[in-house]
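# Examination of the molecular architecture
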Amino acid sequence: MLDYITSYLSSNVTPGQAGNWFWATVYVFVVFGGVAVVVLSMNWLERKALAHFQVRLGPMRVGPHGLMQPFADAIKLLTKEDIIPDQADKFVFWIAPLIILCAAFTVYIVIPFGPTHAITDLNIGILFMLGVSSLSVLGIVMAGWASNSHYPLIGSLRSSAQMVSYEVAMGLAVVSAILMTSLNASGTGTLSMIGIVQAQQEQHIWYVFKFFPLGLMAMVIFAIAMVAETNRAPFDLPEAESELTAGFHTEYSGLRWSLFMLGEYAAMGAVSSIAVTLWLGGWLRPFPNFLKGSFFDLVFSLFPGFTFLALAGFCFLGVVRMPKHPTFRIQTIGLAGFGAMLGLIGLVLFVTPVRVRVQDIYWFLAKVAGFMYLYIWYRATFPRYRFDQLMKVGWKVLLPAALAVLIVTAIVGVLF
Amino acid sequence: MTDPTTYISHLELGQPDKTYLDTNELILNMGPQHPATHGVLRVILRLDGEKVLGTECVIGYLHRGVEKIAENRTYAMFNPYVDRLDYVAAVSNGLGYCEAVEKLLNVEAPPRARYIRVILTELNRLASHMVWLGTHALDIGAMTPLFYTFRDREEILKIFEKYCGARLTTHAFRIGGCQYETYEGFEKDVKDFLDFVPPKIDEYEELLTTNRIWVERTRNVGKISGADCIALGVTGPVLRASGVKWDIRKAVPYSGYQEFDFEIPTGENGDTFDRYVVRMKEMRQSLRIIQQAVDGLPSGPIMAKVGKVIKPPVGEIYHSIEAPKGELGYYIVSDGSTQPYRVRIRPPSFVNLQALDLMVRGQLVADVIAVIGTFDIVLGEVDR
């Protein structure tokens, strides 16, 4: 038994490929637990970042700088009365948020956080991701229909039309990246998520820079389509607050509503991961071409530790700036404790075996975090598109552009 | 009243289809509790998919019987009530009422009082337009301008608070002049504000005017011609955006507006974008007026000779001012007693709202929200 567990540690494939059930289970728990934690912290981060965009403070009361706010929200949502409208189709109403949640979480099975840090590596990984993540539209339509109410119905209809339109452009952009993976000596491409990143490693270029600006254009198209796919501003028509109150989840409250939110944020992370994997070199560290050699490898491997130390430093700065008043004593202690915890994690990340294993994950997550920040930025900046304009952008701008990028990429790939 | 179709008078509902797939129009009940109807407006929409085939407004959810209350109050006692009509532009309401009663009494506020009134009213116009801009942008999906405008509106409210102790429902004026002399540093505060706000207005414009999505969402949305505006009695920025140069401050000057140099911005297309541009320009014009007023603030008394008990002679009067939202009129009938016999208020929001159906027919649900926002309605004023 112990041999079975330890034997995996020396292998260099994902647990799914190695067929190691123990480690696969561990990875599943780690990844799904991690996603849940990320969603909670995204909740806090979005509120804080949005607040600072909008010259206000955001949550400040629950815990130091509102750090415990997500937990307070979670407790509130979990203890709320569970309302199912009288006229609703109860079974469908009940199952719709679960579908969205499952669709959003299942995608994480194939996301490569590092060459070995994925639950499994499917040889059709990217297809699996696109297929499963688009299942969430089913949940949205079911939610809108089952609510038996007008606003959710309109919201879900908008959503289905929107997702179908943007998936086409999204898929074409993905194809142009996959095309690039085949530009190697053997001429065979790959659909495996790990394979795509390895192809970028072999070709010594992130696909966002390949055939400049073709790779960049494909990524931008994907980045726009993925915002529409996840129903976020400026494409948040299905849940357009000012028009449809809350769109497809108007009738949902408490736990079920929180499942929708969980699914939404998980889906945001999932599509950002696709973008990072396809164009931004997944777990690869920046500047592998210019800054190579063991010295730079060492420098870049120290980044995770320093990031955590910097976060700890921010916390301690907050401790210093906290008002010196007995009312704030507990908050100050809490913030100091949080900072100490981050600092300790940072120190642990400097130790050699951890450092080597963690840096892939760090770079991947850092890139995904960049996309997540963009999501918040969009939300603070843009007004909402109207439905017909959304369709126009999808079919008349993004789709032809994606097609053109694909064709030109193919031609350029053959010629050079 | 549980059946939403009870109210449908002119919406010409089709008979429900008896087949399994009912392809009739959708009746959508928007409001009275809806995040974007600016209070408790209820709009019943007849939809074909997302296309609006007809609308019907149901109002009265905020009815407080203000006009009836007036008949049981003395002239001075009724003055604070008018602040509660258009609560984001309370100073304008007060100005209109005080001027109307003064006209009835045949007195005129002294010059210093008039200047103070103009300064406060124009500041209030700015505050009202800022609330409009923030909420309108929020309706269209841009969250951030709301917080910017409210941040800057705060500076105006601080001046109000320093002047008369209240921020929102100010009751700033008194029949015959002003209740309070300006506080020490009033002129400095106003001048500081005049320096402070133009870059902020630039900032709003930077966020929206050239924003592609904003322009697409507002251009050619809710178009209305000048002739239709006049036919429906629409006034204010909505009328001016349709190209009609009508501003009561210029047309029938009151409170000494003829002494100030300012322009009336007008639009051409009469769409939501033009209304946005007109209001943005109006904010800058208001700043000009305030600048002139505060520079030329005369000294002297702030109250005309008005008796302690206000007892206007028998008669009737209609007096209207240019409130931020349009023509705000007061029709007061006096029977010679201390209480008005009748006060009829002509609120701009209520009259402007008539044009809603004309402006949104054939457009999309999202446009209804944009058009409601562009009217800048306040339900306290619509329902009274």
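When helices and strands are tallied, chain A shows 17 helices and 0 strands. Against the compact-globule benchmark of 22 Å for 416 residues, chain A has a radius of gyration of 22 Å, which places it among compact chains. Taking contacts inside chain A between residues at least 6 apart in sequence as the whole, the part at least 24 apart equals 77%.

This brings us to the overall build of chain B. Counting its secondary structure elements, chain B contains 15 helices and 8 strands. Computed over the C-alpha atoms, the radius of gyration of chain B is 22 Å, within 12% of the 21 Å expected from 2.2 N^0.38 for a compact globule of 384 residues. The C-alpha extent of chain B, read off along each of the three principal axes, is 80 × 50 × 35 Å. Taking all 384 residues of chain B together, the buried fraction comes to 52%. Put simply, 70% of the contacts in chain B that link residues at least 6 apart link residues at least 24 apart.

Looking now at the environment of B:Ala355. In this structure, B:Ala355 sits in the loop between α12 (348-352) and α13 (356-360). Separated by 238 residues in the primary sequence, B:Ala355 and B:Arg117 have C-alpha atoms spaced 31 Å apart.

Once that is clear, we can look at the interface of chain B and chain A. Listed by partner, the interface residues are 26 residues for chain B and 21 residues for chain A. Going through the elements one at a time, β1 (26-30), α4 (111-140), α5 (144-164), α7 (212-218) and α14 (365-375) of chain B are the ones with two or more residues in the side of chain B that touches chain A. Among the residues forming the side of chain B that touches chain A, the class breakdown is 17 nonpolar, 4 polar and 5 charged.

Looking now at α5(B). Residue pairs three or four apart in sequence face the same way in an α-helix, which turns once every 3.6 residues. The end-to-end C-alpha distance of α5(B) is 31 Å, a good match for the 30 Å that 21 residues give at a rise of 1.5 Å each. Residues of α5(B) that are buried include every one of B:Thr144, B:Pro145, B:Thr149, B:Asp152, B:Arg153, B:Ile156, B:Ile159, B:Phe160 and B:Tyr163, and no others. Where α5(B) is buried, its residues contact α3 (21-53) and α16 (352-381) of chain A together with α4 and α6 (186-208) of chain B. Downstream of α5(B) by a residue or two, B:Gly165 has a phi angle that is positive, lying close to 90°.

Residues and elements named next belong to chain A. End to end, helix α15 (residues 329-348) covers 28 Å across 20 residues, agreeing with the expected 28 Å (1.5 Å per residue, within 8%). Residues of α15 that are buried include every one of Gln331, Leu335, Phe338, Gly339 and Leu342, and no others. Along the axis of α15, the buried residues cluster in a sector spanning 95°; they form a single face. Exposed residues pointing more than 90 degrees away from the buried face of α15 are listed as Arg329, Ile330 and Leu344. Those residues of α15 that are buried lie in contact with α14 (303-321).

Let us look at the pairing of strand β2 (residues 42-48) of chain B. Residue and element names in this part refer to chain B. A large share of β2 lies buried, amounting to 5 of its 7 residues. The sheet contact formed by β1 and β2 spans 5 bridges and is antiparallel. If you follow leucine 26 over to β2, its bridge partner there is leucine 47. In this structure, β2 lies alongside strand β3 (residues 51-58), joined through 7 bridges in antiparallel fashion. By the bridge assignment, leucine 47 is partnered in β3 with valine 52. As consecutive antiparallel partners, β2 and β3 are separated by 2 residues, and within that stretch glycine 49 has a phi angle of approximately 65°, a positive value.

Residue and element names in this part refer to chain B. Pairing within the open sheet is antiparallel, and its 3 strands lie in the order β6-β7-β8. Either end of the sheet is taken by a strand with one partner, and the two such strands are β6 (315-323) and β8 (340-346). Going from strand to strand, the sheet's axes swing by 15° on average, the running direction of each strand aside. Bridge count for strand β7 (residues 326-334) against β8 is 6 bridges, and the pairing is antiparallel. Pairing of glycine 329 across the sheet is with arginine 346, part of β8. Together, β6 and β7 form the strand contacts of helix α3 (residues 90-105), whose direction differs from that of β6 by roughly 150°.

Let us look at the nonpolar core. Within the largest apolar cluster, 221 residues are counted, with the highest numbers of intra-cluster contacts made by A:Ala173, A:Ile221, A:Phe222, A:Ala225, A:Ala275, B:Val101 and B:Ile119. Here the element with the most residues in this core is α4(B); it accounts for 16 residues. When residues of this core are assigned to domains, at least three map to each of domain 1 (4-58) and domain 2 (66-348) of chain B. Leave out the neighbours within four places in its chain, and A:Phe222 touches A:Met170, A:Ala173, A:Val174 and A:Ala275.

Quick look at unusual backbone geometry now. Phi is positive for A:Asn148, which is not a glycine, with a value near 55°. Within the fold, A:Asn148 resides in the loop between α7 (136-146) and α8 (150-181). Its identity as a non-glycine residue notwithstanding, B:Asp376 has a phi of 60°, on the positive side. Here B:Asp376 shows up in the loop between α14 and α15 (379-383).

For chain B, the domain assignment lists domain 1 (4-58) and domain 2 (66-348). The centre of domain 1 of chain B, based on its C-alpha atoms, is set 34 Å off from the matching centre of domain 2 of chain B.

Now for the packing of α14(A) against α15(A). All names here are of chain A. Put simply, α14 and α15 touch, their axes get as near as 7 Å, and they point 165° apart. Put simply, α14 runs roughly antiparallel to α15. Once α14 is placed against α15, the crossing between them reads as left-handed. Within the contact between the two elements, α14 uses Gly305, Phe308, Leu309, Leu311, Ala312, Cys315, Phe316, Gly318 and Val319 and α15 uses Thr332, Leu335, Ala336, Phe338, Gly339, Leu342, Gly343, Ile345, Gly346 and Leu347.

The next thing to look at is the sheet that holds β3(B). All names here are of chain B. Taken together, 3 strands build an open sheet; the order of strands is β1-β2-β3 and the sheet is antiparallel. The outermost strands of the open sheet, each flanked by one partner alone, are β1 and β3. In this sheet, neighbouring strand axes are inclined to one another by 20° on average, regardless of whether the strands run parallel or antiparallel. In the packing of α14 onto the sheet, contacts are made with β2 and β3, and the angle to β2 comes to roughly 150°.

Right, let's get into the environment of A:Ile83. For A:Ile83, the position within the fold is in the loop between α4 (69-79) and α5 (90-106). Separated by 189 residues in sequence, A:Ile83 and A:Ser272 have C-alpha atoms that sit 33 Å apart.

All names here are of chain B. Sheet analysis places β6 next to β7, joined by 9 bridges and oriented antiparallel. When the sheet's bridge partners are listed, tyrosine 318 is paired in β7 with tyrosine 331. Counted between consecutive antiparallel strands, the loop separating β6 from β7 contains 2 residues.

About the thresholds
- Residue indices follow the written sequence of each chain, beginning from 1 at its first position.
- Just so you know, chain letters begin at A and ligand numbers begin at 1, following the order they were written in.
- Side-chain atom pairs in this predicted model are given and counted only at pLDDT of 80 or more, local residue features only at pLDDT of at least 70, and totals for whole chains, interfaces and linings cover all residues.
- We count a stretch as a helix when DSSP gives it H or I for four or more residues in a row; a strand needs E for two or more, and each element gets its number in order from the N terminus.
- Each radius of gyration reported is based on C-alpha atoms, and the globular scaling rule is 2.2 Å times the count of residues to the power 0.38.
- Two residues form a contact once the distance between their C-beta atoms, set from the backbone, is within 7 Å.
- Here exposure depends only on C-beta density: within 10 Å of a residue's C-beta, 20 or more other C-beta atoms make it buried, 12 or fewer make it exposed, and intermediate numbers make it partly exposed, the C-beta atoms being placed from the backbone.
- Classification used: nonpolar for Ala, Val, Leu, Ile, Met, Phe, Trp, Tyr, Cys and Pro, charged for Asp, Glu, Lys and Arg, polar for all others including Gly.
- The span one expects for a helix is its residue count, reduced by one, times 1.5 Å.
- What the arc covers is the set of directions going from the helix axis to the C-beta atoms.
- The criterion for strand pairing is that DSSP finds at least two bridges linking the strands in question.
- Lines are fitted to the C-alpha atoms to define the axes, a helix being fitted only along its stretch in contact, and any angle between axes, read from their N-to-C directions, falls within 0 to 180 degrees.
- Think of a nonpolar core as buried Ala, Val, Leu, Ile, Met, Phe, Trp, Tyr and Cys residues chained together by C-beta atoms that fall within 7 Å.
- As annotated, the domain borders come from an automatic or database domain assignment.
- Convention used here: angles under 35 degrees read as roughly parallel, angles over 145 as roughly antiparallel, angles from 65 to 115 as roughly perpendicular, and any remaining angle as oblique.
- Left-handed describes a crossing whose near helix is turned anticlockwise from the far helix through less than a right angle; right-handed describes the clockwise counterpart.

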